[in-house]
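Spelled out from the first residue to the last, the chains are:
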Amino acid sequence: MTPLEEIAIDRERLIEMARHNIAHVKADSIEQAEEIAKVPSDHYTDAARWNAERDRVFKELPLVLALSTELANPGDYRALNVLEVPVLLVRDADGVARAFVNMCSHRGARLVEEGAGNATRFSCPYHGWTYTRAGDLFGVASPKDFGVIDKRCYGLTRLPTFERAGLIWVVLNPASTLDFDGFLSGYAASLGAFGFEHWHVFGRKQLSSANWKLTYDGYLDFYHLPVLHKLTFKAKFSNRALSYQWGPHQRVVTPDPTLLKLETAAPEAWDLKHMLKGVWTIFPNVAFISVDGRGTAMMMSQIFPGGSVGESFSQHTFITERELTTEEERRAAEEQFSFLVKVLREEDYPACRGIQANLLSGARDHVLFGRNEMAGQVFHRWLDRLVQADGGEARNALFR
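Anyway, here's the lowdown on the structure attached to this text. From a predicted model like this one, the values you see are computed outputs, not experimental measurements.

### So, the overall build of the protein chain
So, point 1. On a plain count of helices and strands, the protein chain comes out with 10 helices and 20 strands.
So, point 2. In terms of C-alpha radius of gyration, the protein chain reaches 22 Å, essentially the compact-globule figure of 21 Å for 400 residues.
So, point 3. With 400 residues in all, the protein chain has 52% of them scored as buried.
So, point 4. For the protein chain, contacts bridging at least 24 residues in sequence account for 66% of all contacts bridging at least 6.
So, point 5. When the accessible area of the protein chain is evaluated, it comes to approximately 18400 Å², of which 51% is carbon and sulfur surface.
So, point 6. Each charge class in the protein chain can be summarised by its mean position, and for the 45 positive and 51 negative side chains these summaries are 2 Å apart.

### Considerations on the sheet that holds strand E6 (residues 115-118)
So, point 1. Here we have five strands laid out as an open sheet, ordered E6-E3-E4-E5-E10, and antiparallel in their pairing. Only two strands of the sheet have a single neighbouring strand rather than two, namely E6 and strand E10 (158-159).
So, point 2. Summarising the sheet, strand E5 (residues 97-101) and E10 pair through two bridges and their orientation is antiparallel. Bridged to Ala99 within E10 is Leu159.

### So, the side chain of Ser312
So, point 1. Structurally, the position occupied by Ser312 is in strand E19 (residues 312-320).
So, point 2. Of the polar contacts made by the side chain of Ser312, one reaches the backbone oxygen of Ala210; its length is 2.6 Å.
So, point 3. For Ser312, the side chain forms a polar contact with the side chain of Thr215, separated by 3.3 Å.
So, point 4. Among all residues touching Ser312, those that are not within four sequence positions of it are Leu207, Ser208, Ser209, Ala210, Asn211, Trp212, Thr215, Ile303, Phe304, Pro305 and Gly306.

### What to know about the environment of Ser41
So, point 1. Structurally, Ser41 can be placed in the loop between strand E1 (37-40) and helix H2 (47-58).
So, point 2. Expressed as a C-alpha distance, the spacing of Ser41 and Gly135, which sit 94 residues apart in the sequence, is 44 Å.
So, point 3. Apart from residues lying up to four places away in sequence, Ser41 is in contact with Leu359, Arg364, Asp365, His366 and Val367.
So, point 4. At 3.0 Å, the side chain of Ser41 and the backbone nitrogen of His366 are in polar contact.

### Quick notes on the environment of Val96
So, point 1. Along the polypeptide, Val96 turns up in the loop between strand E4 (85-91) and E5.
So, point 2. The class for Val96 is partly exposed, based on a relative accessible area of 28%.
So, point 3. For Val96 and Asn73, which are 23 residues apart along the polypeptide, the C-alpha to C-alpha distance reads 9.9 Å.

### Some thoughts on the sheet that holds strand E11 (residues 161-164)
So, point 1. Strand order in the open sheet formed by three strands is E2-E12-E11, with antiparallel pairing between adjacent strands. Of all strands in the sheet, those with a lone pairing partner are strand E2 (63-67) and E11, marking the two edges. The average angle at which neighbouring strand axes cross in this sheet is 30°, direction not considered.
So, point 2. Of the pairings in the sheet, the one linking E11 to strand E12 (residues 167-170) comprises four bridges and is antiparallel in character. By the bridge assignment for E12, Phe162 is matched with Trp169.

### Considering helix H1 (residues 11-27)
So, point 1. Here H1 contains 17 residues, and its C-alpha end-to-end distance of 24 Å stays within 8% of the 24 Å for a straight helix at 1.5 Å per residue.
So, point 2. Every buried residue belonging to H1 is among Arg13, Leu14, Ile15, Met17, Ala18, Asn21, Ile22, His24 and Val25, and all of these are buried.
So, point 3. Next to the buried residues of H1 lie helix H5 (188-191), strand E14 (242-246), strand E15 (249-253) and strand E16 (278-282).
So, point 4. Asp28 sits one or two residues past H1 and shows a positive phi near 50°.

### A look at the pairing of strand E18 (residues 297-305)
So, point 1. Most of E18 is tucked away, with nine of its nine residues classed as buried.
So, point 2. Side chains Ala297, Met299, Ser301, Ile303 and Pro305 of E18 all project onto a buried face; the interleaved residues Met298, Met300, Gln302 and Phe304 project onto the opposite face, where all are buried too.
So, point 3. As paired strands, strand E17 (residues 286-290) and E18 are joined by four bridges and run antiparallel to one another. Bridge pairing in E18 places Phe288 opposite Met300.
So, point 4. Inspection of the sheet shows E18 paired to E19 by nine bridges, in the antiparallel sense. Within E19, the position partnered with Ala297 by the bridge is Thr320.
So, point 5. The antiparallel pairing of E18 with E19 creates a hairpin that spans six residues between the two strands.

### Observations regarding the pairing of E14
Across a regular strand the side chains alternate sides, sitting on one face of the sheet and then on the other.
So, point 1. Among the five residues of E14, four are classified as buried, and the element is accordingly described as predominantly covered.
So, point 2. The turn joining E14 and E15, which pair antiparallel and follow one another in sequence, is formed by two residues; a positive phi near 60° is taken by Gly247.

### A few points about unusual backbone geometry
So, point 1. In this structure, the amide linkage connecting Phe283 to the following residue, Pro284, adopts the cis form with an omega of 10°.
So, point 2. Mapping Pro284 onto the fold places it in the loop between E16 and E17.

### What about the pattern of salt bridges?
So, point 1. Applying the stated criterion to the full structure yields 21 salt bridges.
So, point 2. A salt bridge links Glu329 to Arg322; the shortest N-O distance between them is 2.3 Å.
So, point 3. For Arg322, a relative accessible area of 46% corresponds to the partly exposed category.

Conventions we followed
Throughout this document, residue positions are counted from 1 along each chain, in the order its sequence is written. At least 70 in pLDDT is required for a residue's local features to be given in this predicted model, at least 80 for side-chain atom pairs to be given and counted, and no such filter applies to totals for whole chains, interfaces and linings, which use all residues. Processing note: side-chain calculations cover all non-hydrogen atoms of the structure and skip hydrogens and water entirely. In DSSP terms, a helix is any run of H or I states spanning at least four residues, a strand is any run of E spanning at least two, and both are numbered starting from the N terminus. When we talk radius of gyration, it's over C-alpha atoms, and the globule rule is simply 2.2 Å times the number of residues to the 0.38. Exposure is judged per residue with a 1.4 Å probe applied to protein chains only, and the accessible area is read against the type maximum: over 50% gives exposed, under 20% gives buried, and values in between give partly exposed. Any pair of residues with heavy atoms lying within 4.5 Å of one another is described as a contacting pair. Each accessible area value is a Shrake-Rupley result obtained with a 1.4 Å probe; residue values ignore everything except the protein chains displayed when judging cover. The charged-residue count follows a simple rule in which Lys and Arg add positive charge and Asp and Glu add negative charge, with His and chain termini not counted at all. Each charge is placed at NZ for Lys, CZ for Arg, CG for Asp and CD for Glu. Here, any two strands with at least 2 DSSP bridges between them count as paired. Residues adjacent in sequence count toward polar contacts only when both atoms are side-chain atoms; beyond that, a polar contact is any pair of N or O atoms within 3.5 Å, and within protein one must be able to donate a hydrogen and the other to accept it. To get an axis, fit a line to the C-alpha atoms, keeping to the stretch in contact for a helix; angles then go from 0 to 180 degrees between the N-to-C directions. In this analysis, the expected span of each helix is defined as 1.5 Å times one less than the number of residues it contains. We count a salt bridge whenever a side-chain nitrogen from Lys or Arg sits within 4 Å of a carboxyl oxygen from Asp or Glu.

See below:
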């Protein structure tokens, strides 16, 4: 799928969520989990568990690695490292987004250094073998001296790649047989309402934190907002949340009184931009923060396991619905982005590190997710299922 193909937006699902939200606003309530859940403390501290998450989740499931707009034109590429796998993303001459292991098939040299650019072909800096944008081996240096090989057998190693709703997913396992549409569970039809294929990347910043799950838990948790951030945000945040699921993916949003104004019009006339607030997560590690619905800017956070069980790093990408053309607009965007990053760096992530240290003490053998923390419960249940799934067919079965 190319960025030019349109996603059929599931408007009915968006209206259904808005109606559900309005009902809870009127009732002054939230939907709660059936019971309080216990998550073993060693899920955050045990190296064997951490390795299982890397191997069975991060290396077997599709990961969002780019926005379609980052590969807008044929030849546009982005090279990055993901869990020790060097990935080369590129849009080929036919407009198809592809991903390869960023490694020459001759002796394993890295073709492109980390970063972005545009190229007609990729040439190995070690011996000069060249590859097309479709990953095919195009030329062998000094072929008469090297010897005869079947070029068809020595193209770049392809990684399963999928493009939906203006986002590009890659599976790090070249042999994956995962059913991508089953994994998405219809989520693209709701994400498509944002129109990400037309947005622009404004900037990126990377932060480090504690265990990746401790870090990601915070994005699913509204319970902490008026406490941890009481001095940071001038607006008063509710600690109540509603969770909507598409398989393992979730949207988390507070009951929103501003939606009541929608009731003055027929549902078919409701403006989508008012129905998109909240945190939109893509399992296992992505969160889009949409404070103002389909506003002019959003932040995408990608959380990855770091070098050990107690470490993670997060990539934060600030995107804008249109290209910013004036210095005033760019300054305002930079201030907003810097503020969000500052809150994470100085409040959320230090809290995560403190929790990590406390859990290592062994003083408590579990942590709690209350009935009001449904999103966190859903996330950990899905993670447990996938860690326990033995093989690709078992994983696919979970998404049916």
